[in-house]
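Chain by chain, the residues:
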Amino acid sequence: MRMKKARRSPGEAERFAALATTLARPDAAWTEVLNALARWPEEQGAARAVEIVAAAAERWPAGTRGLSRLVVNQLLGHEVRPYLRLVRALDLRLLWRMPRRDGLLGRMIDEGGMTHLVAFTTRYDRGEALIAWLARRIGGLRSLHIGGSGVLCSGAQTLARAPGLARLTSLSLHGNLVADAGAQALIDSPHLVGLRYLNLYGNRLSSDGVRRLQAAPQWQEARVTVNHQRQPGSLGW
């Protein structure tokens, strides 16, 4: 019986040559390049490889620079590496099997160097803890969707105070626990005037709170979704 030869791992020079070839191709996909970094051994110049890709990363639209399946599997294995700073669209729903995704986000920021995102999405998560990380440490967000994650008025107030959200155009806090005080903080925020989509479906707003949101002058051209509020004594409370 013929034995299969063990696959030889590429050397450092081979890896850099292959990366250069990939980046030279006009049709190179973001996931292809990201996976090359995910497979790159630290001792073979991984930091330099990240810098090379960073210099070329603007060729891919920021909203398409998400996680690949390989990277998701590494994260599920608690492996956080510096190439994550190049990711611009983070969907934590892909990591639903991980019980403490707020802790993972903290590691992605502290160990992965993640400081800038254009899109963040999650559901059934620890919303308040995630918002604390996002408001303090992440800039550039244009889309922020946190659904069904126990976000309270305090979370909405934290978002309203965050200058790093000044470019936000889409905010969804659907299915959470935001009441009138949280909604009022969003209305009063100087950082959220550019919203074109606001979703507070299924929270805990009063009729007055709903009317104030709908009447907010800065969002008259925006799509504002505020139906199915869960009030004490009402269906769904």
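Computed from a predicted model, the values in this text were never measured in an experiment.

A. The arrangement of the pattern of salt bridges in detail. Applying the stated criterion across every chain yields a total of 14 salt bridges. In this structure, Arg25 and Asp27 form a salt bridge, with 3.1 Å as the shortest nitrogen-oxygen distance. On the basis of relative accessible area, Arg25 is assigned to the partly exposed category, the value being 29%. Among the salt bridges present, the one from Arg211 reaches Asp208, with a minimum N-O distance of 2.3 Å. With Arg211 and Asp208 both in helix 9 (residues 207-215), this residue pair falls three residues apart, about one helical turn. On the accessibility criterion, Asp208 (42% relative accessible area) is partly exposed. Beyond isolated ion pairs, a larger network of salt bridges with shared partners links Arg25, Asp27 and Glu32.

B. Looking closely at the pairing of strand 2 (residues 119-123). Counted residue by residue, strand 2 has four buried out of five residues, so it is predominantly covered. Two strands pair when backbone bridges link them, and strand 1 (residues 89-91) and strand 2 are joined in this way by three bridges, in the parallel orientation. Of the residues in strand 2, the one forming a bridge with Asp91 is Thr121. Considered for its hand, the β-α-β crossover made up of strand 1, helix 5 (residues 101-110) and strand 2 is right-handed. Two strands pair when backbone bridges link them, and strand 2 and strand 3 (residues 143-147) are joined in this way by five bridges, in the parallel orientation. Across the sheet, residue Thr121 finds its bridge partner in strand 3, namely His145. Regarding the hand of the β-α-β motif, the stretch spanning strand 2, helix 6 (residues 127-137) and strand 3 is right-handed.

C. Summary view of the packing of helix 1 (residues 12-24) against helix 3 (residues 46-56). With their axes 11 Å apart at the nearest point, helix 1 and helix 3 run at an angle of 10 degrees to one another. Relative to helix 3, helix 1 is oriented roughly parallel. Between helix 1 and helix 3, the residues in contact are Glu12, Phe16, Leu19 and Leu23 and Arg48, Ala49, Ile52, Val53 and Ala56, respectively. Considered class by class, the residues forming the contact of helix 1 with helix 3 number seven nonpolar, no polar and two charged.

D. Region of interest: the packing of aromatic side chains. Applying the stated criterion to the full structure yields two aromatic pairs. Arranged with centres 4.8 Å apart and planes meeting at 65 degrees, the rings of Phe16 and Trp40 form a pair that is edge-to-face. With Phe16 in helix 1 and Trp40 in the loop between helix 2 (30-38) and helix 3, this pair connects stretches of sequence that are 24 residues apart. Comparing Phe16 with Trp40, the two get one shared label, buried. A cation sits over an aromatic face here: Arg48 above Phe16, 3.7 Å from the ring centre. Here the basic side chain of Arg65 rests over the ring of Trp30, its NZ or CZ set 5.4 Å away from the ring centre.

E. A look at the sheet that holds strand 3. Overall, parallel pairing links the six strands, which are arranged 1-2-3-4-5-6 in an open sheet. Among the strands making up the open sheet, the edge pair consists of strand 1 and strand 6 (223-225). Adjacent strand axes in the sheet meet at a mean angle of 5 degrees, parallel and antiparallel pairs treated alike. Taken together, the three bridges between strand 4 (residues 170-172) and strand 5 (residues 197-199) define a ladder with parallel strand orientation. Looking at the pairing, Ser172 lines up with Asn199 of strand 5.

F. Region of interest: the pairing of strand 3. Burial analysis of strand 3 places four of its five residues in the buried class, which makes it a mostly covered element. Pairing of strand 3 with strand 4, which is carried by three bridges, proceeds in the parallel orientation. Opposite Leu144, over in strand 4, you have Leu171 as the bridge partner. The handedness of the strand 3 to strand 4 crossover, carried by helix 7 (residues 153-161), is right-handed.

Conventions used here
- Residues numbered from 1 in each chain as written.
- Predicted model: local features only at pLDDT ≥ 70, side-chain atom pairs only at ≥ 80, totals over all residues.
- Heavy atoms only, no water.
- Salt bridge = Lys/Arg side-chain N within 4 Å of Asp/Glu carboxyl O.
- Buried < 20%, exposed > 50% of the residue type's maximum accessible area, 1.4 Å probe, protein only.
- Helix = DSSP H or I, 4+ residues; strand = E, 2+ residues; numbered from the N terminus.
- Pairing = 2+ DSSP bridges.
- Right-handed = clockwise from strand over helix to strand, strands pointing away.
- Axes fitted to C-alpha atoms, helices over the stretch in contact; angles between N-to-C directions.
- Parallel < 35°, antiparallel > 145°, perpendicular 65-115°, else oblique.
- Contact = heavy atoms within 4.5 Å.
- Nonpolar A, V, L, I, M, F, W, Y, C, P; charged D, E, K, R; others polar.
- Phe/Tyr/Trp six-rings, centres within 6.5 Å; stacked < 30°, edge-to-face > 60°.
- Lys NZ or Arg CZ within 6 Å of the ring centre and 35° of its normal.

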